[in-house]
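One letter stands for each residue in the lines below.
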Amino acid sequence: MKTNLYKPPLKQTPNTYFFQILPYPRDRGSAHAPRSAGVGDAREKKRMGRSSPDTRRIRASGHLSALMEWGYEQHNGPDTWPLLYPDAGGSSQSPIDIVSSIVQPRTYDPPLTYKYSPEVCKSIVNTGCGWRVDMNGADSEVSGGPLSDSYEPVQFHCHWGETETVGSEHTVDGKSYAGELHFVHWNRDKYSTCAEALKSPLGLTVIGVLLEEGEKNSELEKLCDVLSEISELDQRVELPVDIDLVNMFPADQSYWTYPGSLTTPPCYESVTWILFKNPITLSRDQLNCFRRMKKPCNHTTDGSQCLVNCNYRPPQALNDREICECLLG
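Residues numbered from 1 in each chain as written. Predicted model: local features only at pLDDT ≥ 70, side-chain atom pairs only at ≥ 80, totals over all residues. Heavy atoms only, no water.

### Digging into the packing of aromatic side chains
This is how the line gets drawn: Within 6.5 Å between ring centres, the rings of Phe, Tyr and Trp (the latter by its six-membered ring) count as paired, and their orientation is classed by plane angle as stacked under 30 degrees, edge-to-face over 60, tilted in between. The numbering of helices and of strands both runs from the N terminus, where a helix is a DSSP run of H or I of at least 4 residues and a strand a run of E of at least 2.
The tally for this structure, following the rule as stated, stands at 14 aromatic pairs. Summarising the aromatic geometry, the rings of Tyr 114 and Phe 249 are spaced 5.2 Å apart at their centres and angled 85° between planes, so their arrangement reads as edge-to-face. Residue Tyr 114 is located in strand β3 (residues 113-115), and its partner Phe 249 is located in the loop between β11 (236-238) and β12 (255-260); the two are separated by 135 residues in the primary sequence. Put simply, the rings of Tyr 114, Tyr 116, Trp 131, Phe 156, Trp 160, Phe 183, Phe 249, Phe 276 and Phe 290 pair up and form one aromatic cluster.

### A closer look at the confidence of the model for the protein
To keep things clear, this is the line we draw: As a per-residue measure, pLDDT tells how confident the predictor is, with possible values from 0 to 100. For this analysis, residues touch if any pair of their heavy atoms sits within 4.5 Å.
Taken as a whole, the protein shows an average pLDDT of 84; of its residues, 77% reach a score of 70 or greater. Across residues 1-17, confidence stays below pLDDT 50; counting only partners more than four residues off in sequence or on other chains, it has 61 contacts. Counted against residues more than four places away or in other chains, residues 20-67, with its pLDDT under 50, gives 95 contacts.

### A closer look at helix α6 (residues 284-291)
Basically, it comes down to this: Three labels apply to residues, based on accessible area from a 1.4 Å probe with only protein chains included: buried if under 20% of the type maximum, exposed if over 50%, partly exposed otherwise in between.
Turning to α6, its buried residues number three or more, namely Gln 286, Leu 287, Cys 289, Phe 290 and Arg 291. The inward-facing, buried residues of α6 contact β5 (131-135), β7 (151-160), β10 (204-213), α5 (218-227) and β14 (280-282).

### As for the pairing of β10
Note the threshold: Any two strands are treated as partners once DSSP identifies two or more bridges connecting them.
Of all 10 residues making up β10, eight are buried, and the element is well covered by its neighbours. One ladder, built from eight bridges, connects strand β9 (residues 179-187) with β10; its direction is antiparallel. Directly across from Leu 181, in β10, lies its bridge partner Val 209. With three bridges connecting them, β10 and β14 associate as parallel partners. Note that in β14 the partner of Glu 212 across the bridge is Thr 281.

### Points about the side chain of Glu 325
Counted only if it meets this: The term polar contact refers here to a pair of N or O atoms within 3.5 Å; inside protein, the definition further demands a hydrogen-donor-capable atom paired with an acceptor-capable atom, and it admits residues adjacent in sequence only when both atoms are side-chain atoms.
Examined against the element boundaries, Glu 325 turns out to sit in strand β15 (residues 324-326). Polar side-chain contacts of Glu 325 include one of 2.6 Å to the side chain of Lys 277. Apart from residues no more than four positions distant in its own chain, Glu 325 is found in contact with Val 103, Gln 104, Pro 105, Arg 106, Tyr 255, Trp 256 and Lys 277.

### Details of unusual backbone geometry
The amide bond that connects Asp 109 to the next residue, Pro 110, takes the cis arrangement and shows omega of 5°. Along the polypeptide, Pro 110 turns up in the loop between β2 (104-105) and β3. Each neighbour pair has its own omega, and for Pro 265 with Pro 266 the value is 15°, a cis peptide bond. Mapped onto the fold, Pro 266 is located in the loop between β12 and β13 (271-276). If you check the backbone angles, Asp 173 has positive phi at about 50° while not being a glycine. Tracing the backbone through its elements, the reader meets Asp 173 in the loop between β8 (171-172) and β9. You will see that Asp 234, though not glycine, has its phi angle at about 75°, which is positive. Structurally, Asp 234 can be placed in the loop between α5 and β11.

Rendered as structure tokens:
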């Protein structure tokens, strides 16, 4: 079992931390470690798999609406987000539809490179609208290509739909895929913390991987093995085995890149997107494993309506942005 570096979730409306703005505590010896870094203690360990006090209080009072400030239902779905999160109505929002006839070819020197520590992934949590794997990325980075700085991984998560024909957030010439992985990184050269980078220019880069139904993916299977332990909101467990992020990237890593935003509130326009052109596969059983996760709902709701079977935002207007294509191999 790996050393537990768990940092408890932020005391916010649960759905607001689909994107976790605080990375895991850094190892004290890291060259990039901030002065406030530290390792979780025994009291923090006891909170693994438990709801935060704020969440338990809200549940006890029956105010489930407070847990659903935003989501993917008609009353709180993407069309409503700009009412609470003004950035969600901006002109550089994500995802988008990649129209292949208008992309601009581009080569980059130096090329896009990445280095991930074998133990970068630490724990997995139920966010109320899906799962999120949190990382200690102090010894890992992505740089080069469209990026002028070094970016540190902080978390990855997934979006999916009710069937294999929908679920991805980005589309390609109008085509949707069964799902989409998002590997989130923050700019540690330009900013001192992930929280600062979150809403700042060039603060984040997200690597997107499209998913289609087919052969089982060995790394996603490691997540399915523990998802039954976090079926409820706020439950969290340590990952018992290492996750190889590169095994969730396609063999041909040609990509599209463009400036955009987070695809969940607060939808800050701080993201350099890198979307691999080629999808990877996962099995139907693995997709169904994701869909069995639960979201907050009251006791009168039909059980099937408490499942996370749809958590994607539809494409937003491209406006005057340019999409660049980098072909490899």
